[in-house]
Every structure is written in C-alpha cells, then in structure tokens.
Amino acid sequence: MADNFPDLGEEDDQVDEEDIVRYYFFKGFTYEEIRMFLQRNHGLEISITTLKRRIKAYGLRRREPNYDVNEIRAAVEDIVDGYGSTQGYRAVWHTLQLKGLRVPCIVVQEILKEIDPEATEMRRAHRLKRRFGGCPVDLVTDLGTENGTMAAIQAFFRDDPNSHRYVPSPRNQRIEAWWGLLRKSCTTWWINFFKDLVAQRTIDLASELDMECLWFCFAELIQKVLNEIKEH
C-alpha cells in the first residue's frame, strides 16, 4: 500500500541514504515507490533518474530470480489458506517478496489460478467472497442518499425502525481508504472466522472463559498478521 510506509526500525538520523535505499529496494518496491518513500518518510528529494544512478552506484541489481516452483506453490497455499484468501495475486506476490521469496508476478498469478480458480475468477469479475447469513441486527450507514433504500429494507426485515441509524461520514478519506484495504485484505477473513465459531457454538461470547481462551490462542497470531499487513 503506497500510503502505509514501512519502518526501518531505527531513527532516520542513524541510517544513511544507502541503507534506506537498500531497505526499500530489497523489499521489492518499484523505483517510483522508493522515490516517494524517500520523500515522504525521510525528506529526501531525488528524481527517478538520480535514484536509478544511486542504485547502480550501490551495486544493487534485480536479476531474474531463481526459485523452486514447489516452494513458491507451498508458500502461496499457506498464504491463501488463511486471511490471504481475499487477496489478489499482486498482494500475494508482495507478501512473498517480504518473506524473501523472489519470483515473477506472473508465476504467482498462474499458481493462484491453479490452486484456487474459483476465487481467481471472482476477483477478475470484481466480486467479493461474502459470508452468507441473515439480516444484521443493527445497520449503521452514513448520510449518503443511496443509503435511504438500505435503511428502508433494514427496517422492513427487522420490523423495527430503530434497527438502522445514520452517522456522520468520516472526513479523513485517507484513513477510510486504509481501513477499506485492511478490511478487504485481512480483517474480513478473521471476522467471518470468529462469526463461524459462534454460529457453530464452538465459542460463547457471553463466556468470560471463552473470551480469555480466544485471546490466549489468537492474540499473538493476529498481531503477527497485522505486522505483515503494515509492511504492505
């Protein structure tokens, strides 16, 4: 994600320009993305031409990657077996890059077609995987005119005019975009996962013990996932 800038893990004044460029270069970012990161994260204003010249001077090259297709397939399967099932091939490719697995993007695309053709076709048709269920108990929308129909439908099915409420639309479009990306690439899968546990009566949300067990089992894993998403 272009607006979610990675953290080098050190104070900027302790890292020289070459270290910064190397970091972004080996994360697999494009020249334009690296230039933007340098400008917005580190106050370094340089052109694409200058950046390419510096990268060459630092001895950084992107050769045709050598890879084991079976290793890549296993890594892709591991990603899409969880929250990554909602991601497109570019996001999966970038996740592989962050894991140090260098592979052409087209290879990732073909592997996804092979292991999950239905999801690939749905993404191509711009359709989301949705969890089927009943009408929500409470529906909250902004004041957009198109939401009047949603409010009427919600009130009708719930037989309760108070089952829908309007709230002001957040003005910060940048954070809205970030939350949208987070929801699409990660949290929707987890929300559905926990909803399914409730629907299957595996957990009881009213049970304090169940809540503590969920926290114990999933807190570290979810934090790890969020850290990975932050790198995007």
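With that settled, the discussion passes to the overall build of the protein. If you tally the helices and strands in the protein, you get ten helices and two strands. Counting from the amino terminus, the protein carries its helices and strands in the arrangement α-α-α-α-α-α-α-β-α-β-α-α. Within the span of the protein, comprising 232 residues, buried residues form 31% of the whole. Within the protein, counting contacts between residues at least 6 apart in sequence, those at least 24 apart form 60% of the total.

On to unusual backbone geometry. Even without glycine at this site, D159 takes up a positive phi of about 55°. Tracing the backbone shows D159 in the loop between α8 (147-158) and β2 (164-166). Among the residues examined, D159 registers a relative accessible area of 68% and is labelled exposed. One non-glycine residue, R201, lies in the positive phi region at around 60°. Relative to the elements of secondary structure, R201 occurs in the loop between α9 (173-199) and α10 (208-231).

A separate point is the packing of helix α1 (residues 17-26) against helix α2 (residues 31-42). Running from N to C, α1 and α2 cross one another at 135°; their axes reach a closest spacing of 10 Å. It follows from the interaxial angle that α1 and α2 lie oblique. Considering how the two elements wind past one another, α1 and α2 form a crossing that is right-handed. Taking contact as the criterion, the partners of I20, V21, Y24 and F25 in α1 are, on α2, I34, F37, L38, N41 and H42. Partitioning the contact of α1 with α2 into residue classes produces seven nonpolar, two polar and no charged.

Below, the discussion takes up α2. Helical geometry note: an α-helix holds 3.6 residues per turn, so side chains three or four residues apart project in the same direction. For α2, with twelve residues, the first-to-last C-alpha span of 16 Å sits near the 16 Å given by 1.5 Å per residue. Taken together, the buried positions of α2 are occupied by I34, R35, M36, F37, L38 and H42. Those residues of α2 that are buried lie in contact with α1 and α3 (48-57). G43 lies just past α2 and shows a positive phi near 70°.

To continue, consider the pattern of salt bridges. For the coordinates displayed, the defined rule picks out six salt bridges. Across the pair R165 and D138 runs a salt bridge whose closest N-O atoms are separated by 3.3 Å. Taken as a pair, R165 in strand β2 and D138 in the loop between α7 (117-124) and β1 (139-141) lie far apart in primary sequence, 27 residues in all. Given a relative accessible area of 44%, R165 falls into the partly exposed group.

Helix length check: helix α4 (residues 69-80), at twelve residues, gives a terminal C-alpha distance of 16 Å against a target of 16 Å (1.5 Å per residue), a fit within 8%. Structurally, α4 contributes buried residues whose contacts are with α5 (89-98) and α6 (105-115).

Here we take up the state of the cysteines. A full pass over the atoms with the stated rule returns zero disulfides. Among the cysteines around C213, which has no disulfide bond, C217 carries the closest sulfur, lying 6.2 Å off. Residue class for C213 comes out partly exposed when judged on its relative accessible area of 38%.

The rules behind the values
- Residues numbered from 1 in each chain as written.
- Predicted model: local features only at pLDDT ≥ 70, side-chain atom pairs only at ≥ 80, totals over all residues.
- Heavy atoms only, no water.
- Helix = DSSP H or I, 4+ residues; strand = E, 2+ residues; numbered from the N terminus.
- Buried < 20%, exposed > 50% of the residue type's maximum accessible area, 1.4 Å probe, protein only.
- Contact = heavy atoms within 4.5 Å.
- Axes fitted to C-alpha atoms, helices over the stretch in contact; angles between N-to-C directions.
- Parallel < 35°, antiparallel > 145°, perpendicular 65-115°, else oblique.
- Left-handed = near helix turned anticlockwise from the far one by under 90°.
- Nonpolar A, V, L, I, M, F, W, Y, C, P; charged D, E, K, R; others polar.
- Expected span 1.5 Å × (residues − 1).
- Salt bridge = Lys/Arg side-chain N within 4 Å of Asp/Glu carboxyl O.
- Disulfide = S-S within 2.5 Å.

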